[in-house]
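# Geometric and topological summary
Okay, here's what each chain looks like letter by letter:
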Amino acid sequence: MAKKYNKKKLTKVEIKGYKSIAFDQPVTLSLGAINILLGANGAGKSNIISFFKMLSYMMSKSFARYVEMAGTSNSLLHYGAKQTPFLEGNLTFSDEKSSIDTYQFRLTNAAPDRLIITEETVQWHRKGEDKPYDVILEPNFKESSLADSLDKVAKSIYWMLAYCKVYQFHDSSSEGPLRQACPVETSDYLQAFGNNLPSFLYFLREHYKESYNRIVSYVRDVVPQFQDFYLEPVGNIISLRWMDISATDYVFNAHQFSDGSIRFIALATLLLQPKETMPNVIILDEPELGLHPFAITQLAQMIKDASIHSQIIIASQSKDLVDHFNIDDISVVEMDEQNLCTTVKTLNEEEYKLWLEHYTVSELWDKNIIGGRPV
């Protein structure tokens, strides 16, 4: 599926009643090019990331499957269906001409322990015009009606959301997706867990050599013995094999990468791919896990490079990572222990200007000046 280009950016996301997020105390994310969600374990960062994952399932007509995978509606609604009978999401997209698109949906508890889509509305509004253009989509209940709508605004929003992709490369075990062979045909985009990592790298080598070479260069910096990938299909199957700097004919396989190395390879492939294949929004949950401090420095640079063509949303608890970014890029995620819900506070440089003259962002986090005390 070819990428649909759109000049609009995802500028605001409001979440109500989802998992650890209370309906009457919604989480609002104001988004720019780079967005770091910083918080301790249990604050709710991963729940925010999983909201985007749910959206991805909705756009691929797999919402019912997502609910089944989550368990029941009680697993997705804040403190269960008895306390929170429905949840809502509101997403705003805007462009440089102040044209604003909005998508709002409501998911409601239904027997037996299911969630159904009871409301979907889209809106288009240009600055200076009195009345916005509103469309209420006819509910399908089981799946989103956005993809099938003939309305131009709904179609535009669908394509923007269809290219918001959540990635997680945590499973670097010997049986994990990063180390497995895969069919060559899965090569036109990188899958969520890196299941098709070798075929996508092969695709880049054949069609986007400059991007492929940049990936190889970054991997060489982090994995000193690495020289290049050895990507040769056997029939219809391709494996992630590689050569080292010894100049011998010996070819290593994916199982001979360390956990941190293969995670870094997946991150480099995702963040250094060409703009033609890059998602509109890339969402990553704790990408720093298992990486050496130098690799985290390289990861930060790759995130900045990717943000030229894509919006980046990252959940993190890494002091090493956050110090590579401006404080304006960071939002602090905390658990409100009194109200038992997740809260998000966006930071800004002006408020912490005097502090930043003497301390780094991670030091302010350590001192609990910005909240979200690390544990």
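## So, the sheet that holds strand E7 (residues 133-136)
Taken in spatial order, the 6 strands make up an open sheet running E2-E1-E4-E5-E6-E7, and their pairing is antiparallel. Each of the sheet's edge strands pairs with one partner strand only, and the pair in question is strand E2 (27-30) and E7. When the angles between neighbouring strand axes are averaged without regard to direction, this sheet yields 15 degrees. Pairing of strand E5 (residues 99-110) with strand E6 (residues 114-126), which is carried by 12 bridges, proceeds in the antiparallel orientation. If you follow Ala-110 over to E6, its bridge partner there is Arg-114. Helix-sheet contacts for helix H5 (residues 152-162) involve strand E4 (86-94), E5, E6 and E7, and the interaxial angle to E5 is about 80 degrees.

## Here's the deal with the nonpolar core
Ranked by size, the top nonpolar core spans 64 residues in total, and within it Val-219, Phe-229, Leu-240, Leu-271, Met-302, Ile-303 and Ile-370 carry the most contacts. Counting residues per element, this core draws most heavily on helix H8 (residues 259-271), at 8 residues. Excluding residues within four positions of it along the chain, Phe-229 makes contact with Leu-201, Tyr-212, Ile-215, Val-216, Val-219, Leu-240, Arg-241, Trp-242, Met-243, Phe-257 and Ile-265.

## A short note on the packing of aromatic side chains
Aromatic ring pairs are defined here through the distance separating the ring centres and the angle between the ring planes. One pass over the structure, following the stated rule, counts 19 aromatic pairs. With a centroid separation of 6.1 Å and 15 degrees between ring planes, the pair formed by Phe-51 and Phe-105 is classed as stacked. Here Phe-51, found in helix H1 (residues 45-59), pairs with Phe-105, found in strand E5; they are 54 residues apart in sequence, far enough to count as distant. Between Tyr-57 and Tyr-66 the ring centres are 5.3 Å apart and the planes differ by 45 degrees, which places this aromatic pair in the tilted class. Taking relative accessible area as the criterion, Tyr-57 reaches 18% and is therefore assigned buried.

## Here's the deal with the environment of Glu-210
Here Glu-210 is to be found in helix H7 (residues 209-222). The class for Glu-210 is exposed, based on a relative accessible area of 65%. Separated by 64 residues in the primary sequence, Glu-210 and Pro-274 have C-alpha atoms spaced 8.5 Å apart.

## Description of the sheet that holds strand E14 (residues 311-316)
With mixed pairing, 6 strands are arranged side by side in an open sheet as E8-E13-E14-E3-E15-E16. Across the chains shown, the open sheet's two edge strands, defined by having one partner strand only, are strand E8 (164-167) and strand E16 (341-346). Looking at each pair of strands side by side, their axes are set apart by 20 degrees on average, direction ignored. Direction of pairing for strand E13 (residues 281-285) relative to E14: parallel, over a ladder of 5 bridges.

## Considering H7
Helix length check: H7, at 14 residues, gives a terminal C-alpha distance of 20 Å against a target of 20 Å (1.5 Å per residue), a fit within 8%. Three or more residues of H7 are buried, namely Ser-211, Tyr-212, Ile-215, Val-216, Tyr-218 and Val-219. Angularly, the buried residues of H7 cover 165 degrees about the axis, an arc narrow enough to put them on a single face. Contacts from the buried residues of H7 go to helix H6 (197-207), strand E10 (226-230), H8 and helix H9 (293-306).

## Observations regarding the pairing of E14
Of all 6 residues in E14, 6 are buried; the element is thus mostly enclosed. Burial along E14 is two-sided: the residues Gln-311, Ile-313 and Ala-315 and Ile-312, Ile-314 and Ser-316 are all buried. With 5 bridges joining them, strand E3 (residues 34-38) and E14 adopt parallel strand pairing. Looking at the pairing, Ile-36 lines up with Ile-314 of E14. Traced from E13 through H9 to E14, the parallel crossover comes out right-handed.

## With respect to helix H2 (residues 63-70)
Those residues of H2 not exposed but buried are Phe-63, Tyr-66 and Val-67. Along H2, the residues classed as buried sweep out an arc of 100 degrees about the axis, all on the same side. Residues Arg-65, Glu-68 and Met-69 are exposed on H2 and point more than 90 degrees away from its buried face. Against H1, helix H3 (73-76), E5 and E6 lie the buried residues of H2.

## Describing the pattern of salt bridges
Scanning the entire structure with this criterion turns up 11 salt bridges. Ionic pairing is found between Lys-8 and Asp-101, a salt bridge with its closest N-O pair at 3.9 Å. Here Lys-8, found in the segment before strand E1 (9-16), pairs with Asp-101, found in strand E5; they are 93 residues apart in sequence, far enough to count as distant. Each of the two residues, Lys-8 as well as Asp-101, counts as buried. Salt-bridge contacts for Lys-61 lead to Asp-148; the nearest nitrogen and oxygen are separated by 2.7 Å. Highlighted residues: Lys-61 in the loop between H1 and H2 and Asp-148 in the loop between E7 and H5, separated in sequence by 87 residues. Bridged by salt links that share partners, the residues Lys-8, Asp-95 and Asp-101 form one connected network.

## A word on the packing of H1 against H2
In a pair of packed helices, the angle between the axes and the distance between the axes together describe the arrangement. Where H1 contacts H2, the two axes come as close as 7 Å, and the packing angle between them is 140 degrees. In terms of orientation, H1 and H2 fall into the oblique class. Side by side, H1 and H2 meet where Ser-50, Lys-53, Met-54, Tyr-57 and Met-58 of the first sit next to Phe-63, Arg-65, Tyr-66 and Met-69 of the second. Considered class by class, the residues forming the contact of H1 with H2 number 6 nonpolar, 1 polar and 2 charged.

Conventions adopted
- Residues numbered from 1 in each chain as written.
- Predicted model: local features only at pLDDT ≥ 70, side-chain atom pairs only at ≥ 80, totals over all residues.
- Heavy atoms only, no water.
- Pairing = 2+ DSSP bridges.
- Helix = DSSP H or I, 4+ residues; strand = E, 2+ residues; numbered from the N terminus.
- Axes fitted to C-alpha atoms, helices over the stretch in contact; angles between N-to-C directions.
- Contact = heavy atoms within 4.5 Å.
- Core = buried A, V, L, I, M, F, W, Y, C linked by side-chain atoms within 4.5 Å.
- Buried < 20%, exposed > 50% of the residue type's maximum accessible area, 1.4 Å probe, protein only.
- Phe/Tyr/Trp six-rings, centres within 6.5 Å; stacked < 30°, edge-to-face > 60°.
- Expected span 1.5 Å × (residues − 1).
- Arc of directions from axis to C-beta.
- Right-handed = clockwise from strand over helix to strand, strands pointing away.
- Salt bridge = Lys/Arg side-chain N within 4 Å of Asp/Glu carboxyl O.
- Parallel < 35°, antiparallel > 145°, perpendicular 65-115°, else oblique.
- Nonpolar A, V, L, I, M, F, W, Y, C, P; charged D, E, K, R; others polar.

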